[in-house]
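Structural overview for review
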Amino acid sequence: MNIDLFDYYLPSELIAQNAAEPRDSSRLMVMNRKTKTVEHRRFYNIKDYLLPGDLLVVNNTRVIPARLFGEKETGARIEIFLLNERAENTWETLCKPGKRIKPGSRVFFELEGKRVLSAKCTEIKADGNRVFLFESLTDETERELMFKIGNVPLPPYIHEELKETERYQTVYSSQTGAVAAPTAGLHFTPELLKELVEYGVDIAEITLHVGLGTFRPVDVDTVEEHQMHHEEYFVKKEIADKIFMAKKEGRRIIAVGTTSIRVLETIADLNRDENGGFSGSTDIFIYPPYQFKLVDALITNFHLPKSTLLILLSAFADREYIMSAYQTAINEKYRFYSFGDACLIL
């Protein structure tokens, strides 16, 4: 399947640079896979399309302040982007400029003009990523200092400064470890969630720590050639019980975001771990003609051209229908990408 089948042109002015306020005031395109129709609503109208007994599956990952700026002994400025923690205080990173960093190189970080943290390069991976061992130079822990020094990373297409970092976190975020937000969940407010629960909608929290690979383009000619990145996920026993019971009882499972879909479809055929839940690393790549096992509906944002996320949507609904709906969204001047508007695909 040629990757160009998932291409479209988006005027740059439709890339949202800031989030809607309040959160649930963003627009909502309701897409019906059976009738191939769309409706134009606001996110706070979403209850109109949900039923008592529906199970809403949300990703409670929390974005870490992954972008750190330090300097070498020579004074050269270095940017370190945390990717994943490989062992205690040892992180795989992106490093810029990378050529300056060799095994044994040290980078120092300051707070209030004082060096408080150092990082020693211990390995250069085949893909150029650097592995660093962090060491506290104060009585605070390495993690405390890293999170104080670091900045919450935004996608490269957002150029405006984020004045309130919590706006790039979901209101239910609790498990630190992501380097990008599960943006479909950014539209929910505590009040809206409470309203849905009172209406009879059940909510299940799973965790998938979103990795930087979510921003990486598909750089092969055909979809089948693409190698998906790995991301860690966790599903507690009581949540797994809730998910499989909903399926058994014929209640709809509605995934909030493509990250939730990836977890649900990963665990669909797996055996549980020793605690009765699920945990591990998934590189599942969902593309047409994938047959979904657990997910019945999806809440998501509008995704980049030729992205694995848009390809996933084209597996969940008909590709021609998805591309047509995207063109409608462009014509109607919806806001796209992380801080943009939402879709509900039924």
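A brief report on the enclosed structure follows.

**Structural notes on the overall build of the protein chain**
Along the protein chain, the regular secondary structure elements total six helices and 17 strands. For 346 residues, the compact-globule estimate of 2.2 N^0.38 gives 20 Å, and the protein chain sits close to it at 21 Å. With respect to the principal axes defined by its C-alpha atoms, the protein chain has extents near 65 × 45 × 40 Å. By the burial criterion, 54% of the 346 residues in the protein chain qualify as buried.

**Here we look at the packing of helix H5 (residues 308-316) against helix H6 (residues 319-331)**
Relative to each other, H5 and H6 sit at 120°, their axes nearing to 7 Å. On the basis of the axis angle, H5 is oblique to H6. Where H5 crosses over H6, the two elements pack in a sense that is right-handed. Side by side, H5 and H6 meet where Leu310, Leu313 and Ser314 of the first sit next to Arg319, Ile322, Met323 and Tyr326 of the second. Taken together, the residues that form the contact of H5 with H6 break down as five nonpolar, one polar and one charged.

**Here's the deal with the packing of aromatic side chains**
By the definition in use, this model includes 16 aromatic pairs. Measuring from centroid to centroid gives 6.2 Å for Phe336 and Tyr337, while their planes differ by 85°, and the two rings are edge-to-face. Grouping aromatic residues by their ring pairs yields a cluster made of Tyr8, Tyr157, Phe302, Tyr326, Tyr334, Phe336 and Tyr337. Here the guanidinium or amino end of Arg115 rests over the ring plane of Phe108, the centre of that ring lying 4.1 Å away.

**Looking at helix H1 (residues 142-149)**
Taken residue by residue, H1 has Glu142, Leu145, Met146 and Ile149 as its buried positions. Seen along its axis, H1 keeps its buried residues to an arc of 100°; they face one direction. Looking at the buried side of H1, the elements it contacts are strand S5 (67-71), strand S6 (77-87), strand S7 (90-96), strand S8 (106-111), strand S9 (114-124) and strand S10 (130-136).

Conventions we followed
For every chain, the first residue of its written sequence is number 1, and the numbers climb from 1 along that sequence. Thresholds applied to this predicted model are a pLDDT of at least 70 for local features of residues and 80 or more for the giving and counting of side-chain atom pairs; totals over whole chains, interfaces and linings are not thresholded and use all residues. Water and hydrogen atoms were dropped before computing side-chain values, which therefore reflect all heavy atoms in the structure. In DSSP terms, a helix is any run of H or I states spanning at least four residues, a strand is any run of E spanning at least two, and both are numbered starting from the N terminus. Atoms considered for the radius of gyration are the C-alpha atoms alone. The globule rule reads 2.2 Å times the number of residues to the power 0.38. Exposed residues in this analysis have more than 50% of their type's maximum accessible area, buried residues have under 20%, and partly exposed residues fall in between, with area computed by a 1.4 Å probe over protein chains only. Lines fitted to C-alpha atoms define the axes here, with helix axes fitted over just the stretch in contact, and angles between the N-to-C directions of these axes take values from 0 to 180 degrees. Orientation categories follow fixed angle ranges, with anything under 35 degrees roughly parallel, anything over 145 roughly antiparallel, 65 to 115 roughly perpendicular, and all other angles oblique. Here a crossing is called left-handed whenever its near helix is offset anticlockwise from the far helix by less than a right angle, and right-handed whenever the offset is clockwise. The criterion used for residue contact is that any of the two residues' heavy atoms lie within 4.5 Å. Only Asp, Glu, Lys and Arg are considered charged in this grouping, and only Ala, Val, Leu, Ile, Met, Phe, Trp, Tyr, Cys and Pro are considered nonpolar; every other residue, Gly among them, is considered polar. Here a pair means two rings of Phe, Tyr or Trp (six-membered ring of Trp) with centres within 6.5 Å. Their orientation is stacked below 30 degrees between planes, edge-to-face above 60, and tilted elsewhere. Here, a charge over a ring is recorded when the distance from Lys NZ or Arg CZ to the ring centre is within 6 Å and its angle to the ring normal is within 35 degrees. As used here, the arc belongs to the directions running from the helix axis to the C-beta atoms.

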